[in-house]
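Each chain, written out:
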Amino acid sequence: MRIGVPTEIKKQESRVGLTPESVSELVRAGHHVNVQSGAGLGSGFANEAYTMVGATILPDAAAVFADSELIVKVKEPQPEETARLTSAHTLFTYLHLAPDPVQAKGLMESGCLAIAYETVTDDDGGLPLLRPMSQVAGRMSLQVAAWALMRTKRGRGILLGGVPGVMPSKVVIIGGGVSGTHAAEIAVGMRADVTIFDRNNNRLAELDEQFRGSLKTMYSTAHSLGEAIKDADLVIGAVLIPGASAPKLISREQLKTMKPGAVLVDIAIDQGGCFETSHATTHEDPIYDVDGILHYCVANMPGAVPRTSTYALNNATLPFVLQIANKGAREAINDNPHLAHGLTVDSGKIAHQAVAHDLGEPYVRPEWLTA
């Protein structure tokens, strides 16, 4: 199969779809890999690193799309990229279509087959292609929060862990999944006072055992969460509903009950965000203020650490890329029900039920799909 890796063009996105090591595996399996010139530079991979393992360097995105059947990316395609897609293409990348009708329309009009990283599953019911970026975002959330809490950034002017004789910051984490757990690990490590909310009692029990009393767990209700944020210095939203829009768990009215200069970090912003006042920001201008509460809502948090993120992502995506390349997209999807869960767009129709529901589009199961 002819596989294409274009340069990511979303603002301040420096990750790349395939590392040189991944390209090497694909070439060894008999496939042809086209890499756009400079695609890997943001992650520290020069063109020579790709040519040394057998890739072909093409001058621009137009050439990559024209000469490739499978397009492997990181972020959702931008309008100029969807315009290059055709019915001959399979796209494998993060899509996050539920809150993005413009992208959905572009993909449907292209006629391509699009598989979303974020809804591919595993034997444990997890999301293996979302997990590595959730790990990065969870750990990053405390780095950016510590920065935002400084007075120089209009925060409360406090240290997350306090010092002897001074109380640590109060951190509320909403969601005990992958990103929430990794956020908790860093918050506890920084000696903050951490409470994690979830609606799964079994998960709360696991967290209680995992952290051995170094954080508090709470069953999440509107009332319990509303009370907790009143005293919080930092709230991290880490709630995910696979393929669907994130629920709005903190209203604008509730911001008035919070401490001035408190910080909200919305890890769920790719899926629309879990705070009513959330809207996507960029690494260039990451923070905004609503009623005295700072919001950090960068939609591609892992893009700030592209080398770490690219390697972590490729460790998870490469086995699926190999399956698609070795068998063809449709056969690979039918042979692997976990990959089938990632199928989102096919032949101009939305082929993922949750995404179709949130977009208000009809869900159409492809006739060829047997998985």
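You'll find the structure just up there.
Going along each chain's sequence as written, the residues are numbered from 1 onward. In view of the model being predicted, local features appear only for residues whose pLDDT reaches at least 70, and side-chain atom pairs are presented and counted only at 80 or more, with totals across whole chains, interfaces and linings using the full set of residues. Only heavy atoms go into the side-chain values, all of them from the structure, while hydrogens and water stay out.

Quick word on the nonpolar core
Move 1: As used here, the term nonpolar core means buried Ala, Val, Leu, Ile, Met, Phe, Trp, Tyr and Cys residues forming a set that is joined through side-chain atoms within 4.5 Å. Think of it in three bands: with a 1.4 Å probe and only protein chains considered, a residue is buried below 20% of the maximum accessible area for its type, exposed above 50%, and partly exposed in between. Membership of the largest hydrophobic core comes to 72 residues, with the highest contact counts inside it found for Leu26, Phe92, Leu234, Val265 and Leu339.
Move 2: Core analysis: the next-biggest nonpolar cluster, separate from the first, contains 24 residues, Ala228, Val239, Leu264 and Ala299 among them.

Describing the packing of aromatic side chains
Move 1: Only the six-membered ring of Trp is used, alongside the rings of Phe and Tyr, when aromatic pairs are assigned; centres must lie within 6.5 Å, and planes under 30 degrees apart are stacked while those over 60 apart are edge-to-face, with the rest tilted. With the rule as written, the count across this model stands at 4 aromatic pairs.
Move 2: Between phenylalanine 45 and tyrosine 50, the aromatic rings sit 6.4 Å apart at their centres with planes inclined by 80°, giving edge-to-face as the arrangement.
Move 3: Relative accessible area serves as the criterion here: at 1%, tyrosine 50 is assigned to the buried category.
Move 4: Centre to centre, the rings of phenylalanine 92 and tyrosine 117 are 4.6 Å apart; their planes meet at 85°, and the pair counts as edge-to-face. Linking phenylalanine 92 in strand β5 (residues 90–93) with tyrosine 117 in the loop between β6 (113–116) and α6 (131–148), this pair joins segments that are 25 residues apart in sequence. Strands here mean DSSP runs of E at least two residues long; helices mean DSSP runs of H or I at least four residues long; both are numbered from the N terminus.

Describing the sheet that holds strand β3 (residues 56–58)
Move 1: Within the open sheet, the 8 strands sit side by side as β3-β2-β1-β4-β5-β6-β14-β15. Their pairing is mixed. Each end of this open sheet is capped by a strand with a single partner; those strands are β3 and β15 (349–350).
Move 2: In this description, strands pair whenever DSSP reports at least two bridges between them. Pairing of strand β2 (residues 32–36) with β3 involves 3 bridges; the strand directions are parallel. Paired with asparagine 34 across the bridge in β3 is threonine 56.
Move 3: With respect to the sheet, helix α11 (residues 306–327) is in contact with β1 (2–5), β4 (70–72), β5 and β6, its orientation differing from that of β5 by roughly 170°. Contacts are residue-level and defined by heavy atoms, with any inter-residue pair within 4.5 Å sufficient. Lines fitted to the C-alpha atoms define the axes, with helices restricted to the stretch that makes contact. Angles between their N-to-C directions range from 0 to 180 degrees.

Comments concerning the packing of helix α7 (residues 178–189) against helix α8 (residues 201–211)
Move 1: Put simply, α7 and α8 touch, their axes get as near as 12 Å, and they point 30° apart. Compared by their axis directions, α7 and α8 come out roughly parallel. Like other packed secondary-structure pairs, α7 and α8 cross with a definite hand, here right-handed. Of the residues in α8, those in contact with Thr181, Ala184, Glu185 and Val188 of α7 are Arg203, Leu207, Gln210 and Phe211. Between 65 and 115 degrees an angle is taken as roughly perpendicular, under 35 as roughly parallel, over 145 as roughly antiparallel, and anywhere else as oblique. Handedness of each helix crossing follows the sense of rotation of the near helix against the far helix: counterclockwise by less than a right angle gives left-handed, clockwise gives right-handed.

Brief notes about the pairing of strand β8 (residues 193–198)
Move 1: Counting buried residues in β8 gives 6 out of 6 residues, a clear majority hidden from the surface.
Move 2: One ladder, built from 4 bridges, connects β8 with strand β9 (residues 216–219); its direction is parallel. Bridged to isoleucine 196 within β9 is threonine 217.
Move 3: Following the backbone out of β8, through α8 and into the adjacent parallel β9, one traces a crossover that is right-handed. Consider the strands pointing away from the viewer: the crossover is right-handed when the path from the first strand over the helix to the second runs clockwise.

Quick look at helix α9 (residues 222–230)
Move 1: Listed as buried for α9 are Ser224, Leu225, Gly226, Ala228 and Ile229.
Move 2: Tucked inside the fold, the buried residues of α9 contact β7 (170–174), β8, β9, β10 (234–237) and α10 (252–255).

Structural notes on unusual backbone geometry
Move 1: Even without glycine at this site, arginine 154 takes up a positive phi of about 80°.
Move 2: Mapped onto the fold, arginine 154 is located in the loop between α6 and β7.
Move 3: Here serine 347, not a glycine, exhibits a phi torsion of approximately 50°, which is positive.
Move 4: Here serine 347 is to be found in the loop between β14 (343–346) and β15.
Move 5: The partly exposed category is assigned to serine 347, whose relative accessible area is 47%.

Topic: the environment of glutamate 21
Move 1: Assignment of secondary structure puts glutamate 21 in helix α1 (residues 20–28).
Move 2: Distance from glutamate 21 to asparagine 314, taken between C-alpha atoms, is 9.1 Å for residues 293 residues apart in sequence.
Move 3: A polar contact is formed between the side chain of glutamate 21 and the side chain of tyrosine 311, at a distance of 2.9 Å. N or O atoms closer than or at 3.5 Å make up a polar contact, with two conditions inside protein: a donor-capable atom paired with an acceptor-capable one, and, for residues adjacent in sequence, both atoms drawn from side chains.

Some words on the sheet that holds strand β12 (residues 287–290)
Move 1: Within the open sheet, the 7 strands sit side by side as β9-β8-β7-β10-β11-β13-β12. Their pairing is mixed. Each edge of the sheet is formed by a strand with only one pairing partner; in this case those strands are β9 and β12. Averaged over all pairs of adjacent strands, the angle between strand axes in this sheet comes to 20°, irrespective of strand direction.
Move 2: The strands that α7 touches are β7, β8 and β10; relative to β8, the one it contacts most, it runs at about 170°.

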